[in-house]
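# Secondary and tertiary structure notes
Here's the letter readout for the chains.
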Amino acid sequence: MTNYFSSDFTLGILGGGQLGKMLLYETRKFDIATRVVDPNPQAPARLAANHFEVGDLLDYDTVYSFGKKCDVLTFEIETVNVDALEKLESEGIKVYPSPQTLRLIQDKGIQKEFYKKHNIPTAAFAKYNTKAELQNAVEAAKHDFPFIWKSTQGGYDGKGVSVIRKEQDVNDLPDTPCIVEEMIPFKNELAVIVVRNPDGEVKTYPVVEMEFHPEANQVEYVICPARISDAVAAKARALATQVSEAFGHVGLLAVEMFQTKNDEVLVNEVAPRPHNSGHYSIEGSYTNQFEQHLRAILNLPLGETESKVGAVMVNLVGAEGHTGQVRYENIEKIMALKGVTPHIYGKRQTRPFRKMGHVTIINSDLAEARKIAEEVKKSIRVITSEYKK
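The following refers to the structure shown. Values in this document were obtained by computation on a predicted structure and should not be read as measured data.

## Some thoughts on the overall build of the chain
Tallying secondary structure elements over the chain gives twelve helices and 21 strands in all. Structurally, the chain occupies a C-alpha span of about 65 × 55 × 45 Å along its principal axes. Element-wise, carbon and sulfur atoms account for 49% of the exposed surface of the chain, whose accessible area totals about 16,700 Å². The centroid of the 46 positive side-chain charges in the chain is displaced by 4 Å from the centroid of its 52 negative side-chain charges.

Here it is, written out as structure tokens:
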């Protein structure tokens, strides 16, 4: 086995945002040497990496030359140059998850067709290359209102996704390749994190429930375990495993799902990396998602995925009307609450709905944890330092 610990082995991470930063907590724990590249000189991961460099993740030469300095390469964001990753892989650099997996996931249209091909239940959809094509389909009454519009590339945290309620809404959309999905009447939005190593060992985390902000279309709360029946939980974990097998990925795969009114489970979309829906695991699980991702990509035995205790995660996002130097108002109040741990991502500049951190609340009583989470949400505000009451 390769000696990863306290050695010359180097793990490369493409992207230095908060996911990269939290992954580096674990590389520091194991004393694994790291290189990180990110376009932002102030990226949150810059301080914990052994080597940090500034570079464009979509630039072929940048990604290729960075990868040549590493033994294993992973990423914390999907918008990276896949051609460079394929070249590196062909030259013996291990890339996990693989460039092939990333190609399937980067484009939401290709991702949806992949589900269809592999008989993975998902919302009915249609693909359009231009806005004009979509407008023609709407005029021909091919879609019932309301429906969901998604840009096939570049969408995240609620961006690149719109609910289309009337014909006029289509005119306001950007002219970009897109998919249109049937609107699913669902009870819950769920997620399951699946982990797989190169030897084919596979484990799933418990099902989590996600509550979304109605305006920003971002996750506000993640609740683990999800407040669903054992039968639905088993169905969701089995479906996540089926998706994982179809992709044959290595590392973490977060599978977002809908639980319908009839208790069917449909795949919404996936992310091949540590994910917002797994942050609760830092305090709540025997093996947190970031350590698990490391174990998987280094082909080490996978850790225990079950929870130690019930957990609720609250996302900290920039308050509306605040852009500039950040200040966390009332953080000392939430730290006085039972079972509360804040995580501050290290972004100096806030703007409305920007993810700036998260707070985990752990409690053996999930209802109590949810109540404290509500108090956290009401108390803490991510504002600008100039703000005066």
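## Considering the packing of aromatic side chains
What the rule picks out here adds up to nine aromatic pairs. Look at Phe5 and Phe30: their rings are 6.0 Å apart centre to centre, the planes differ by 70°, and that puts the pair in the edge-to-face class. Here Phe5, found in the segment before strand E1 (10-14), pairs with Phe30, found in helix H1 (residues 18-30); they are 25 residues apart in sequence, far enough to count as distant. Where Phe145 meets Phe147, the ring centres are 5.6 Å apart and the plane angle is 20°; that geometry is what we call stacked. We classify Phe145 as partly exposed; its relative accessible area is 35%. We classify Phe147 as buried; its relative accessible area is 2%. Of the aromatic side chains, those joined through ring pairs into one cluster are Tyr4, Phe5, Phe9 and Phe30. The ring of Phe30 carries the charged tip of Lys29 above its face, separated from the ring centre by 5.4 Å. Across the ring face of Tyr221, the terminal group of Arg370 is positioned such that the distance to the ring centre comes to 4.0 Å.

## Observations regarding the sheet that holds strand E3 (residues 51-54)
Strand order in the open sheet made by the five strands is E3-E2-E1-E4-E5, with parallel pairing throughout. Edge positions in the sheet fall to E3 and strand E5 (94-95), since each of these pairs with one other strand and no more. With four bridges joining them, E1 and strand E4 (residues 72-75) adopt parallel strand pairing. Residue pairing for E4: Leu11 is matched across the bridge by Val72.

## Notes on H1
Taking 1.5 Å of rise per residue, 13 residues should cover 18 Å, and H1 covers 19 Å from first to last C-alpha, within 8% of that figure. Just past H1, the residue Asp31 takes up positive phi, approximately 55°.

## Some words on the sheet that holds strand E21 (residues 381-384)
Taken in spatial order, the three strands of this open sheet run E19-E17-E21, and their pairing is antiparallel. The sheet terminates laterally at strand E19 (349-350) and E21, the two strands that pair on one side only. Here strand E17 (residues 324-329) runs beside E21; their pairing, made up of four bridges, is antiparallel. Looking at the pairing, Tyr328 lines up with Val382 of E21.

## Topic: the packing of helix H3 (residues 82-90) against helix H4 (residues 99-106)
At a closest axis distance of 9 Å, the pairing of H3 and H4 adopts a crossing angle of 165°. As far as their axial angle goes, H4 and H3 are roughly antiparallel. At the point where H3 passes H4, the crossing takes the left-handed sense. Contacts between H3 and H4 involve Val82, Asp83, Leu85, Glu86 and Glu89 from the former and Pro99, Gln100, Leu102, Arg103 and Gln106 from the latter. Each residue belonging to the contact of H3 with H4 can be placed in one class, and the counts come to four nonpolar, two polar and four charged.

## Topic: the packing of H1 against helix H10 (residues 289-297)
Interaxial distance between H1 and H10 falls to 9 Å at its minimum, and their mutual angle equals 65°. Taken together, the axes of H1 and H10 are roughly perpendicular relative to one another. H10 is crossed by H1, and the crossing has right-handed handedness. Contacts between H1 and H10 involve Leu19, Met22, Leu23, Glu26, Thr27, Lys29 and Phe30 on the former and, on the latter, Phe290, Glu291, His293 and Leu294. Of the residues in the contact of H1 with H10, the class split is six nonpolar, two polar and three charged.

## Some thoughts on the environment of Ile282
Relative to the helices and strands, Ile282 resides in helix H9 (residues 281-284). For the pair Ile282 and Met22, spaced 260 residues apart in sequence, the C-alpha separation works out to 9.3 Å. In this structure, Ile282 is in contact with Met22, Asn288, Phe290, His343 and His358, ignoring residues within four places of it in sequence.

## Describing the side chain of His358
Here His358 lies in strand E20 (residues 355-363). Dropping the residues within four chain positions of it, His358 is found in contact with Met22, His279, Ile282, Met313, Val314, Asn315, Leu316, Thr341, Pro342, His343 and Tyr345.

## A few points about the pattern of salt bridges
Evaluation of the coordinates by the stated rule reveals 24 salt bridges. Residue Glu53 is joined to Arg35 by a salt bridge in which the shortest nitrogen-to-oxygen separation is 3.9 Å. Here Arg35 lies in strand E2 (residues 33-38) and Glu53 lies in strand E3, a separation of 18 residues in the sequence. When the shortest N-O distance is used, the salt bridge between Glu211 and Arg227 registers 3.0 Å. Remark: Arg227 occurs in the loop between strand E13 (219-224) and helix H8 (230-247) and Glu211 occurs in strand E12 (residues 208-212); sequence separation between them is 16 residues. Note on Glu211: relative accessible area 21%, which makes it partly exposed. Several salt bridges share partner residues, and in doing so they unite Glu209, Glu211, Arg227, Arg370 and Glu374 into one network.

Rules behind the numbers
- Residues numbered from 1 in each chain as written.
- Predicted model: local features only at pLDDT ≥ 70, side-chain atom pairs only at ≥ 80, totals over all residues.
- Heavy atoms only, no water.
- Helix = DSSP H or I, 4+ residues; strand = E, 2+ residues; numbered from the N terminus.
- Areas by Shrake-Rupley, 256 points an atom, 1.4 Å probe, with all protein chains shown as cover.
- Lys, Arg positive; Asp, Glu negative; His and termini not counted.
- Charge placed at Lys NZ, Arg CZ, Asp CG, Glu CD.
- Phe/Tyr/Trp six-rings, centres within 6.5 Å; stacked < 30°, edge-to-face > 60°.
- Buried < 20%, exposed > 50% of the residue type's maximum accessible area, 1.4 Å probe, protein only.
- Lys NZ or Arg CZ within 6 Å of the ring centre and 35° of its normal.
- Pairing = 2+ DSSP bridges.
- Expected span 1.5 Å × (residues − 1).
- Axes fitted to C-alpha atoms, helices over the stretch in contact; angles between N-to-C directions.
- Parallel < 35°, antiparallel > 145°, perpendicular 65-115°, else oblique.
- Left-handed = near helix turned anticlockwise from the far one by under 90°.
- Contact = heavy atoms within 4.5 Å.
- Nonpolar A, V, L, I, M, F, W, Y, C, P; charged D, E, K, R; others polar.
- Salt bridge = Lys/Arg side-chain N within 4 Å of Asp/Glu carboxyl O.

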